[in-house]
Amino acid sequence: MFERRLKILLIMPAFAGLVILVRLFQLQVIAGGENRSRAEAALVSPRRFLPPLRGRILDRYGRTLVSDEPAYDVTVHFGALSMDPAYLHLLADGIRRAEPKWRSATAAELNAEVRTRVARLWTLLERASPTSLREFRERRDRICVSVERLRRYIWKARAAGGHTEDFSKVRLKEQGMFHAVLRDISPRVRTEIELNLSDLPFVRVDPSVRRVWHDGANPLCHLLGRLGQVSPEMIRDDPLSEDRLACYHAGDEVGVSGIERLGERTLRGKRGYEERFRDNSLKELATSVDGLDVQLTIDSALQHKIAEILRVAIVEHPPATGAACVVIDVQSREILALVSVPTYDGRTFRSNYASLRDDARNRPLLFRAVQVEYPPGSTIKPLSLLAALSHNLIDERQTITCDGVLIPGANKWHCWTHWRNMPGHGPMAAVDSIQQSCNIFYYTLGERLGARRLTEFIQSAVRPTAVASSQRGTGLLAERPGLIPTSDLMRKRFGRGYRQADGRNYAIGQGELQLTPLQVANMFATIAAGRYRDPTLIANDGRLRPAVKIPKVTNEMWDLARLGLFRCVNEVGGSAYKWARVEDLEICGKTGSAQSVPRVVRRRYVFRKDGDATVSATAPTLEAARALADVSNKVKPISRKIIETWPPRTADIHDFPTHAWFAGFAPYREPRVALAIIVEYGGGGGRTAGPLGREIFTALLNDAHEYLRPTPDRFVTSVP
């Protein structure tokens, strides 16, 4: 009996030792790698991402317009932003372990303490920065909504693929990340936050970058564009979504307009990261890869000169609300200037956004050069002539007689001479019709051509169908396509076919026909070169932009149109002779006055607030009205009433001041540069826009870069 008990006593320790050995083998050999990783992880601080510098935006001569500089952001863990219960529980456990006075606290007490500390974060941030608590809430909510929308999209995509997974179990990397709530903080704010929030593990001050506008950038404010928070759709569709260092994260800033948006793929870089042990020694480092620069075709010094010329013109013509000018190289179609005034200061855009938005009269946020479609007025007449010539409806010598009115006794279809109590032009040939801008000549051509043939020709010379839609234009998000009233468009948009009057209207640039200043400038470059080509803003643009021949237009026809434009500016009787002629430069050009409609500058909005109760506000914009009425941004008005328009009616028969156009190219024999100018509500094209054309062509002539010096070997007249 004794021996058996002794054996049992000896076996039990041996068995226990064997169990311990097996467990040690399992921990150190089988699961050794995993356990070492866990141990290291416990000693390592959370990974901190290192932002790349976004590429610079340069002008054609290498001047820096926009660049990134190092900065610091205040970032908050997503769990604290969303008040995720699981994350708050982890914070409570951390407080219990780290602070002795809380070790005996209940779960409810710890939860209350965590929420108090999160609230303290927002209070301190409001006190330390000029940002209000309301703005912080909005930023927090935008981040949370963005992540939740992305989670739901991924969940639905997985469900569509046959995966059955509860939505609550879908986790994204963004849910474990820190997100910026206060960007580009000052050294004072950084010090205050680090001193007062060092005990909060859910807030950090992280290295970042800030976008800096350099001197000379403001005249290009619309073109350069701006940055904004990345949308869930951009995160979802990001081609680099599989690369955690290159992909978008919720809260990232990306280009949302202008060149910042157009050049996003080039400008964005690839973030790096660092991991440090708890003692702050470095564990691992991956350096960031900066974005590449984007160089524009724009001459920023020329842009500045033209912007100042237009600004003065607006001041001198009080009804005018804005202006635009596009200067384009005839051969390469590189855009040398793309000006829209009024401008704004890109450095203060966010703080001044509300006042810029609510300036309903001058609309400084509007990129007029590419975003606004205007009736082209008489600037379209050279194309109308070419259309008639190409269809053999008129030749060089045939004349059309102008008696001042197309239909005797009618109260419309007059020539411009009628409004000035002058006799008609008499017999007009092709070149004369452009030189003197005879409306009766073009009413007649419009009737002969018909609206369908005329609009098809205009389309071929402004936006030819031979070029794929993805290759058209500059690529700017704001760029509008113009409105060329083809038969299909008339049926779809206006629900009708053509009328006899349509051809007349389109031939003089009125009616439904509308073009942007960029399109008009490129149209005159096409007339100068005898071929169409897409314009570009990017130096060394890699897109296919072939020169496209306009069907049925011979070299002799182009020469007729150019001669008419030359005489319009350089010979007595030309509609631009008095206003646009330059002694040392042979300019070909055309003035135009396009009918306008008044602009609404104030409305009375009525909102339904509670039940049947309503509240009204009179404001320039819907956003301003909502703020005045103290209603949510989601509340739609139940009525809108126009209270005020601009400009006021004038005493003459035209009711409102017309938009003033001038478009042309130079030199006549060796065309190098084309341009288009429009002054909104500027009045007569000759009196208002013609002198601006003269001033801008003079600036080009005297420019150190010799934009207008004849170089015959550079200009190619052959058409493929």
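Above this text sits the structure in question.
Here goes a summary of the coordinates provided. (Residues numbered from 1 in each chain as written. Predicted model: local features only at pLDDT ≥ 70, side-chain atom pairs only at ≥ 80, totals over all residues. Heavy atoms only, no water.)

### Details of the side chain of Ser 67
Tracing the sequence through the fold places Ser 67 in strand E3 (residues 64-77). A distance of 2.7 Å separates polar atoms of two side chains, one belonging to Ser 67 and the other to His 214. Ignoring sequence-local partners within four residues, the contact set of Ser 67 consists of Arg 56, Arg 210, Arg 211, Val 212 and His 214. (Helix = DSSP H or I, 4+ residues; strand = E, 2+ residues; numbered from the N terminus. Polar contact = N/O pair within 3.5 Å; in protein donor to acceptor, adjacent residues only side chain to side chain. Contact = heavy atoms within 4.5 Å.)

### Re the packing of aromatic side chains
Counting across every chain of the model gives 8 aromatic pairs. Geometrically, the ring pair formed by Phe 441 and Tyr 442 is edge-to-face, given 5.1 Å between the ring centres and 65 degrees between the ring planes. When sorted by exposure, Phe 441 lands in the same class as Tyr 442, which is buried. Plain terms: the ring middles of Phe 566 and Tyr 668 are 4.5 Å apart, the flat faces sit at 20 degrees to each other, and that makes the pair stacked. Residue Phe 566 is located in helix H23 (residues 555-570), and its partner Tyr 668 is located in the loop between strand E19 (659-666) and strand E20 (673-679); the two are separated by 102 residues in the primary sequence. By way of ring pairs, the aromatic residues Tyr 344, Phe 349 and Tyr 353 are connected into one cluster. (Phe/Tyr/Trp six-rings, centres within 6.5 Å; stacked < 30°, edge-to-face > 60°. Buried < 20%, exposed > 50% of the residue type's maximum accessible area, 1.4 Å probe, protein only.)

### Regarding helix H21 (residues 500-507)
Listing the buried residues of H21 in full gives Asp 502, Gly 503, Arg 504, Tyr 506 and Ala 507. One or two residues past the end of H21 sits Gly 509, with phi positive at roughly 80 degrees.

### Topic: the packing of helix H5 (residues 107-128) against helix H7 (residues 187-196)
Running from N to C, H5 and H7 point in directions that differ by 155 degrees, and their axes come no closer than 10 Å. In terms of orientation, H5 and H7 fall into the roughly antiparallel class. The element H5 and its partner H7 pack so that their crossing is right-handed. Contacts between H5 and H7 involve Arg 120, Leu 124, Leu 125, Arg 127 and Ala 128 from the former and Arg 188, Val 189, Glu 192, Ile 193 and Asn 196 from the latter. When grouped by side-chain class, the residues that make up the contact of H5 with H7 number 5 nonpolar, 1 polar and 4 charged. (Axes fitted to C-alpha atoms, helices over the stretch in contact; angles between N-to-C directions. Parallel < 35°, antiparallel > 145°, perpendicular 65-115°, else oblique. Left-handed = near helix turned anticlockwise from the far one by under 90°. Nonpolar A, V, L, I, M, F, W, Y, C, P; charged D, E, K, R; others polar.)

### As for the state of the cysteines
Taken as a whole and assessed by the stated rule, the structure comprises 0 disulfides. Cys 325 forms no disulfide, and the closest cysteine sulfur to it belongs to Cys 221, at a distance of 15 Å. Judged by relative accessible area, Cys 325 falls into the buried class, the value being 0%. The closest cysteine sulfur to the non-disulfide-bonded Cys 402 is located on Cys 438, 3.6 Å from its own sulfur. Under the relative-accessibility criterion, Cys 402 is labelled buried at 2%. (Disulfide = S-S within 2.5 Å.)

### Digging into the sheet that holds strand E1 (residues 48-50)
Strand order in the open sheet formed by 3 strands is E1-E8-E9, with antiparallel pairing between adjacent strands. The open sheet has two edge strands, E1 and strand E9 (282-286), and neither has a second partner. Strand-to-strand twist across the sheet, computed as the mean angle between neighbouring axes with direction ignored, equals 20 degrees. Pairing between strand E8 (residues 272-276) and E9: 4 bridges, direction antiparallel. Looking at the pairing, Arg 276 lines up with Leu 282 of E9. (Pairing = 2+ DSSP bridges.)

### Let's talk about the pairing of E20
For E20, a buried count of 7 out of 7 residues is recorded, marking the element as mostly surrounded by other parts of the structure. What you see with E20 is no split at all: Val 673, Leu 675, Ile 677 and Val 679 on one side and Ala 674, Ala 676 and Ile 678 on the other are buried throughout. Relative to E20, strand E11 (residues 323-329) is paired through 7 bridges, and the arrangement is antiparallel. Paired with Cys 325 across the two strands is Ile 677, which belongs to E20. Two strands pair when backbone bridges link them, and E19 and E20 are joined in this way by 7 bridges, in the antiparallel orientation. Paired with Ala 660 across the strands is Val 679, a residue of E20. With antiparallel pairing between neighbouring strands as the criterion, E19 and E20 make up a hairpin whose turn holds 6 residues.

### Comments concerning the packing of H5 against helix H6 (residues 133-160)
Each packed pair of helices is defined by two parameters, the angle between the axes and the distance between the axes. For the pair H5 and H6, the least separation of the axes is 9 Å and the interaxial angle reads 125 degrees. Judged by the inter-axis angle, H5 sits oblique to H6. For the crossing formed where H5 meets H6, the hand is right-handed. Counted together, Trp 122, Leu 125 and Glu 126 of H5 and Leu 133, Phe 136 and Arg 140 of H6 form the full contact between these two elements. Within the contact of H5 with H6, the residues separate by chemical class into 4 nonpolar, no polar and 2 charged.

### A closer look at unusual backbone geometry
Of note, the bond from Val 341 into Pro 342 is cis; its omega dihedral lies within 30 degrees of zero at 5 degrees. Looking at where Pro 342 falls in the secondary structure, it is placed in the loop between strand E12 (335-341) and helix H13 (349-357). Here the amide bond leading from Ala 666 into Pro 667 is cis, since omega sits at -15 degrees, within 30 degrees of zero. Tracing the backbone through its elements, the reader meets Pro 667 in the loop between E19 and E20. The phi dihedral of Arg 363 is positive, around 45 degrees, even though this residue is not glycine. Secondary-structure assignment places Arg 363 in the loop between H13 and helix H14 (368-371). When its relative accessible area of 36% is taken as the criterion, Arg 363 is described as partly exposed.

### Description of the sheet that holds E20
Within a sheet, each strand pairs with its neighbour through backbone hydrogen bonds, oriented either parallel or antiparallel. Across the sheet, which stays open at both edges, the 5 strands sit in the order E12-E11-E20-E19-E15 with antiparallel pairing between neighbours. With partners counted over all chains shown, the strands left at the sheet margins are E12 and strand E15 (588-594), one partner each. Within the sheet, the average angular offset between the axes of one strand and its neighbour, ignoring direction, is 5 degrees. Both E15 and E19 contribute to a ladder of 7 bridges, which runs antiparallel. Counted as the bridge partner of Lys 590 is Ala 663 from E19. H23 contacts E15 and E19 of the sheet and is inclined by roughly 75 degrees relative to E15.

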